[in-house]
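# What the coordinates show
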There are 2 protein chains.
Amino acid sequence: MTLSPNRPPGSTVGRREDGDISLGRIHQRTTPGTVAGVLRTAILDGTLAPGSQLREAHIAADLGVSRAPLREALSILADEGLVVKIAYKGAFVAEVSAKGMAEIASLRKRLEPYAIELAMPRLSGSGRTKIVRTLQDMARGADDGDLARTIDAHMSFHRVIYELSEHGLLLDLWRSWESQLQLFLSADHQSFPDLHDVVAEHERLLTIIDTGDLEAITREIDRHVHGSIDAAPAGSAAFDGSQPSNA
Amino acid sequence: MTLSPNRPPGSTVGRREDGDISLGRIHQRTTPGTVAGVLRTAILDGTLAPGSQLREAHIAADLGVSRAPLREALSILADEGLVVKIAYKGAFVAEVSAKGMAEIASLRKRLEPYAIELAMPRLSGSGRTKIVRTLQDMARGADDGDLARTIDAHMSFHRVIYELSEHGLLLDLWRSWESQLQLFLSADHQSFPDLHDVVAEHERLLTIIDTGDLEAITREIDRHVHGSIDAAPAGSAAFDGSQPSNA
DNA sequence: TGTTGATCTACTGTCGACAAGAGGCTCCCG
DNA sequence: CGGGAGCCTCTTGTCGACAGTAGATCAACA
């Protein structure tokens, strides 16, 4: 992940200097960025199987770019933890391991309550609207039995909280986890017998956040995160210690 | 930073599986890796001033490599937060901001106690020796008035703790902070009137860790980290709000 | 005189070709 | 028949050259 502490000079977030014209920034679409996007979705939707090697020449030819920007795209994905690069051997689609997920969970338990605490002051107005919207999205996804959409909304729910914390590092951290969580969840959805459970879970979380009781929030996050991680590995041997890594 | 969850097959850190032969792994010295190393020291020792642009062609020629591996080296440093890359504009030596340091501190306060907790079981034998050794190094550096050495040992002290936690993500996180902390500290050393204070501070921390009292440890880390961050910015206007954070 | 527009330069982004390392295969030798 | 040295091929790593962009300089114009 790229935990860059210094943002590019142009990436003003919400500042308006002259007449209040804040027409949101246009972010430059760089080739490596778009390529990384294509590969990311391919990995997340299973087109590129975990463990498979990503041959540069092939992919570059497929996408109609040269190897230089492709290699940079692979680096981006490596930062996100979706790809593992090994010198002189190549780049491989990451295999999510139960251990890796547990590690992420252990950090989330300690940091997400903090993120919520920081986000508190902004949880009333438009911030709250954003969160509620993700819940609605999640519900709609669950209604339709649309796994991908439900997961997307699930990720958005948490991401919005990190965004509202206005803590750059925290948000970067979440971003570095998001792809992996998404990969894990979509591969492991069978552990969610009913998608509506996910929705209920998060509605409950939001209710508790509303109380503003930090203790209770910490407890709930603990339960919440614990549940979504440790509930799974038992059943999904496929993702266990699979790191003989390579192969 | 590269928070890769899946490590390359060979990078077992301190594990000895067969007869205790830990001859430490020879890590493949890749060109981008060595180049990144050269640039890293140049940045940390001030040869490359914060904010200055790193022109690819120029540096590549200086080091006798082509731009391809150099660009990758810059990406590595960007991951570490020592360099900021901006599309179509170039790579610049990062400027540490008080805000960035405060963000790191806020996360350390929440994670370092956890790292210590995890490291506990390994804090008796050889693990402890390692820590003590960094303290000795720190002391020697302070005796000689050797700032760089003191800082190195200081970083090692904390790094060893994260290593002993045997929590991959935590260690990765520390690594992603280390360079920036080092950059900050070496630029801001005037806030340490006496290097021996640093040593005393860490000896005290170790003593408290020895008690095994997690509450006390958390309190101490809070004090410790708080002190080493918030003590500084007041005096060092140079690093304050330097983030045109926009603008 | 302030502002707009073109031009110019220096740099980054991209390309295709070449070099070098890694792994598998065959063939030779004990 | 087993082991090992040497090739052979595929892939990644590196290179030099070209294309495109950002910012500065400067001239034309209202």
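Here, every reference points to the structure presented above.
The rules behind these values
Residues numbered from 1 in each chain as written. Chains lettered and ligands numbered in written order. Predicted model: local features only at pLDDT ≥ 70, side-chain atom pairs only at ≥ 80, totals over all residues. Near = placed C-beta within 6 Å. Helix = DSSP H or I, 4+ residues; strand = E, 2+ residues; numbered from the N terminus. Nonpolar A, V, L, I, M, F, W, Y, C, P; charged D, E, K, R; others polar. Buried ≥ 20, exposed ≤ 12 C-beta atoms within 10 Å, placed from the backbone. Pairing = 2+ DSSP bridges. Contact = placed C-beta atoms within 7 Å. Axes fitted to C-alpha atoms, helices over the stretch in contact; angles between N-to-C directions.

### Comments concerning the protein's contact with DNA strand D
The immediate surroundings of DNA strand D are formed by 19 residues, with Glu-56 and Gly-90 of chain A together with Thr-31, Ser-66 and Pro-69 of chain B found nearest. Among the secondary structure elements, those contributing two or more residues to the surface near DNA strand D are helix H2 (56–63) and strand S3 (90–93) of chain A together with helix H1 (31–44) and helix H3 (67–80) of chain B. A total of 3 residues in the surface near DNA strand D trace back to one element, the largest contributor, which is H3 of chain B.

### Concerning the protein's contact with DNA strand C
Taken together, 18 residues form the shell around DNA strand C, and within it Thr-31, Ser-66 and Pro-69 of chain A together with Glu-56 and Gly-90 of chain B come nearest. Secondary structure elements with two or more residues in the surface near DNA strand C: helix H1 (31–44) and helix H3 (67–80) of chain A together with helix H2 (56–63) and strand S3 (90–93) of chain B. It is H3 of chain A that provides the largest number of residues to the surface near DNA strand C, a total of 3 residues. In terms of residue class, the surface near DNA strand C is built from 9 nonpolar, 4 polar and 5 charged.

### Describing unusual backbone geometry
Residue and element names in this part refer to chain B. Its identity is not glycine, yet Tyr-88 carries a phi of approximately 65 degrees, on the positive side. Note that Tyr-88 resides in the loop between strand S2 (83–86) and S3. Its 6 C-beta neighbours within 10 Å are what place Tyr-88 among the exposed residues. Residues other than glycine seldom take positive phi values, yet Glu-166 does so here, at roughly 50 degrees. Relative to the elements of secondary structure, Glu-166 occurs in the loop between helix H6 (147–164) and helix H7 (168–187).

### Quick look at the sheet that holds strand S1 (residues 53–54) of chain B
All names here are of chain B. Judged by pairing direction, the sheet is antiparallel, and its 3 strands sit side by side in the order S1-S3-S2 without closing on themselves. Looking at the sheet topology across the chains shown, the edges are occupied by S1 and S2. Where S1 and S3 come together, 2 bridges link them in antiparallel fashion. Following the sheet pairing, Gln-53 is matched in S3 by Phe-92. Across the sheet, H3 lies against S1, S2 and S3, angled at about 115 degrees from S2, the strand it touches most.

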